[in-house]
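Survey of secondary and tertiary structure
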Number of protein chains: 2
Amino acid sequence: VTIEDRVSGFVEAFRDDRWLVAVSGGADSVALLHLLVEQGFRDLVVCHLDHGLRGTASTEDAEFVKSLAAELGLECEVGTENVKRLMAERSESLETAARNARHAFFARCAEKFQCHRVLLAHHADDQAETGLWNLLRGSRGLKGMRERQDLTTESGVKLELFRPLLGVRRSDLIDWLNFRNRSWREDASNQVADVARNRLRHDVFPVLDSISGRSAAEMICRALEGARDLEEVEAWATEKAGVLDPQGRLHVPVLRALPPGLQRAVVMDYLRKSGVGGIDRDLISRVIGLMDANSPPAVNLPGGASMRRQASRMFIRTKVSK
Amino acid sequence: VTIEDRVSGFVEAFRDDRWLVAVSGGADSVALLHLLVEQGFRDLVVCHLDHGLRGTASTEDAEFVKSLAAELGLECEVGTENVKRLMAERSESLETAARNARHAFFARCAEKFQCHRVLLAHHADDQAETGLWNLLRGSRGLKGMRERQDLTTESGVKLELFRPLLGVRRSDLIDWLNFRNRSWREDASNQVADVARNRLRHDVFPVLDSISGRSAAEMICRALEGARDLEEVEAWATEKAGVLDPQGRLHVPVLRALPPGLQRAVVMDYLRKSGVGGIDRDLISRVIGLMDANSPPAVNLPGGASMRRQASRMFIRTKVSK
């Protein structure tokens, strides 16, 4: 299966549209850009954010991206941000500050170019690393990046992120570039030296490959596809369970009749949609414990609200300010 | 949370029953045995299979287990198997031959002691290793061991396997034993030196712990609990989807109305229950492609049968022998 085959669905659907393309200058995003042009995309805006983290190399990355856009006859927007300073000002991790800075930059581009769809070059190796990393942080099941993701930035701008390369290995992108004699900026895609991710890539994946005799990245991506299906199934089942009464409260007899795993899914969905934060398995268990008519009729929720049981209904009572 | 807390549900439900307990002589199973006795289990049969893989150490393991059972006043059954020979005779991997030999041994014990329920000492670290290992083999989503597992052995004996320690860390079991001054046989629980598993344990988990700053085993176990919920939700949704007509065929208009992830779940379930082997994502996609009225009306299945579309139904036609 060629790279072109893997993106053909995306290409057919979206070739004639305008897109913002996030280009760091690294192999991944440079390959994405050339691929899009080769596949007939014309209305592309190359967007590059200089994070100011790599000294003169950062400036050279930006220059490289500008020349590339000019060579391809594409519009180009370069932004500059002092991510280290943002990080200090906002007491965020480097990764978080950098991500927020990128989103804010995309938001500015979106308004300037009247285009709210952003193409990102995340590929199968990134996806596998994300899956493993989320697993190490205790995700529910297995979770990767979405091919399409809706996002509202802090400034309130809505963006749609698209990742058409999630099924393509990094090494295939490099081969693709080399075959075409295209150059890129080494390390530019790793502007924010993500220590955890780099260690997964260099210290863990090669060992996993060697233990299983297969490509761990490919296996994890395959498992992630299955996990995506299960999320879709869960959304359908949560809806189909029909536990909400006309007032939007949980109907206890209906909830009780569901298998325990679906009870937990339904309660989690209810809490999430009610804007409750800090939902974990323990909280969900305590809310489900409310179904027992012999238990106390209320459970405290993070943030001061509470979940109450009354006349075979369960619902959230927000904190009453005095 | 103490170990006793973690097994209290199991203890309450099953304390008065008869159980076979698989005891290798290693820390895990020795801890399980002492814990059961301390929690008031009385009708236990200690079952030990000597795999014949560790030379005189194997014999010493068996002697250790026999003395322990005698000391605790419990019945004890020791079996001996030449797993290396079985492996050669049956062209199986060492792991598979050993597992089959254990199941055959449990089946003999089940008949002899009229008890078909077997307690196993798998703990949270085993569970995390299994989850990661299955992931590396491309499992659909995340898959671990079940707390309860029904099994029919090759000889046709039905067994129920129970794993009450899946929520307990190995180190907690060791502390528990040390606090009570109980001894065990080092390495006995690793009779079959599982190279992949040992490398995960020694070369991967410590690195993952150090990268994430948390216990990878605990995080993976947490994710596995979520994944178990999702499996339950999937089973419910597959049933609720109502795609089978009275003749047990897939009803295309109903199938078409489902979200793609649930379509795949339903088709996978249908193929599995029809005894089709070698089901992968590609096969499922091809079967789903049959829904398209413009496609050829049949798809070959592994094993010679085929899946056919006729009058808005899809069903399996078995190979007609001439």
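Keep in mind the model is a prediction, meaning the values are calculated, not measured.

**Topic: the interface of chain B and chain A**
Contact residues are listed per partner, giving 46 residues for chain B and 46 residues for chain A. Buried surface at the junction of chain B and chain A, summed over both partners, amounts to about 4,100 Å²; 71% is from carbon and sulfur atoms. Three residues, Leu136, Ile211 and Trp236 of chain B, lead the burial of chain B against chain A; their summed loss comes to 17% of the area buried on that side. Connecting chain B to chain A are 6 salt bridges. Its salt-bridge partner being Arg264 of chain A, residue Asp229 of chain B comes within 2.8 Å of it at the nearest N-O pair. Linking chain B with chain A are 12 residue pairs in polar contact (both at pLDDT 80 or more), by the criterion used here. Elements that contribute at least two residues to the side of chain B that touches chain A include exactly helix 6 (124–136), helix 8 (195–212), helix 9 (216–240) and helix 11 (260–273) of chain B. A per-element tally of the side of chain B that touches chain A places helix 9 of chain B first, with 16 residues. Classifying every residue of the side of chain B that touches chain A by side-chain character gives 26 nonpolar, 7 polar and 13 charged.

**What to know about the confidence of the model for chain A**
Per-residue confidence for chain A averages 93 on the pLDDT scale, and 98% of its residues sit at or above 70. Both confidence scores are given for the complex: pTM 0.90, ipTM 0.89.

**Overview of the pairing of strand 3 (residues 75–80) of chain B**
Residues and elements named next belong to chain B. Bridging between strand 2 (residues 44–50) and strand 3 involves 6 bridges; their strand directions are parallel. Across the sheet, Leu49 pairs through a bridge with Gly79, a residue of strand 3. Note on the crossover from strand 2 through helix 3 (residues 56–72) to strand 3: the handedness is right-handed.

**Some points on the side chain of Ser215 of chain B**
Residues and elements named next belong to chain B. Secondary-structure assignment places Ser215 in the loop between helix 8 and helix 9. Of the residues examined, Ser215 reaches a relative accessible area of 18% and is grouped as buried. Separated by 3.0 Å, the side chain of Ser215 and the backbone nitrogen of Glu218 make a polar contact. When near neighbours in sequence (up to four residues on either side) are disregarded, Ser215 contacts Arg169 and Asp209.

**Comments concerning the pairing of strand 5 (residues 148–152) of chain B**
All names here are of chain B. Judged from the 5 bridges that link them, strand 5 and strand 6 (residues 158–162) form a sheet pairing that is antiparallel. Looking at the pairing, Asp150 lines up with Glu160 of strand 6. If you look at the hairpin formed by strand 5 and strand 6, you'll find 5 residues sitting between the two strands, and Gly156 has a positive phi there, around 85°.

**Comments concerning helix 3 of chain B**
All names here are of chain B. Under the 1.5 Å per step criterion, the end-to-end length of helix 3 is 25 Å for 17 residues, consistent within 8% with the ideal 24 Å. For helix 3, the complete set of buried residues consists of Ala57, Ser58, Asp61, Ala62, Phe64, Val65, Leu68, Ala69 and Leu72. Projection of helix 3 onto a plane perpendicular to its axis shows the buried side chains occupying an angular sector of 160°, all on one side. Facing away from the buried surface of helix 3 by more than 90 degrees, the exposed residues are Thr56, Ala70 and Glu71. Looking at the buried residues of helix 3, the elements they touch are helix 2 (27–38), strand 2 and strand 3. Positioned one or two residues after helix 3, Gly73 has a phi angle of 70°, which is positive.

Conventions adopted
- Residues numbered from 1 in each chain as written.
- Chains lettered and ligands numbered in written order.
- Predicted model: local features only at pLDDT ≥ 70, side-chain atom pairs only at ≥ 80, totals over all residues.
- Heavy atoms only, no water.
- Contact = heavy atoms within 4.5 Å.
- Buried area = accessible area lost by both parts, 1.4 Å probe.
- Salt bridge = Lys/Arg side-chain N within 4 Å of Asp/Glu carboxyl O.
- Polar contact = N/O pair within 3.5 Å; in protein donor to acceptor, adjacent residues only side chain to side chain.
- Helix = DSSP H or I, 4+ residues; strand = E, 2+ residues; numbered from the N terminus.
- Nonpolar A, V, L, I, M, F, W, Y, C, P; charged D, E, K, R; others polar.
- pLDDT = per-residue confidence, 0-100.
- Pairing = 2+ DSSP bridges.
- Right-handed = clockwise from strand over helix to strand, strands pointing away.
- Buried < 20%, exposed > 50% of the residue type's maximum accessible area, 1.4 Å probe, protein only.
- Expected span 1.5 Å × (residues − 1).
- Arc of directions from axis to C-beta.

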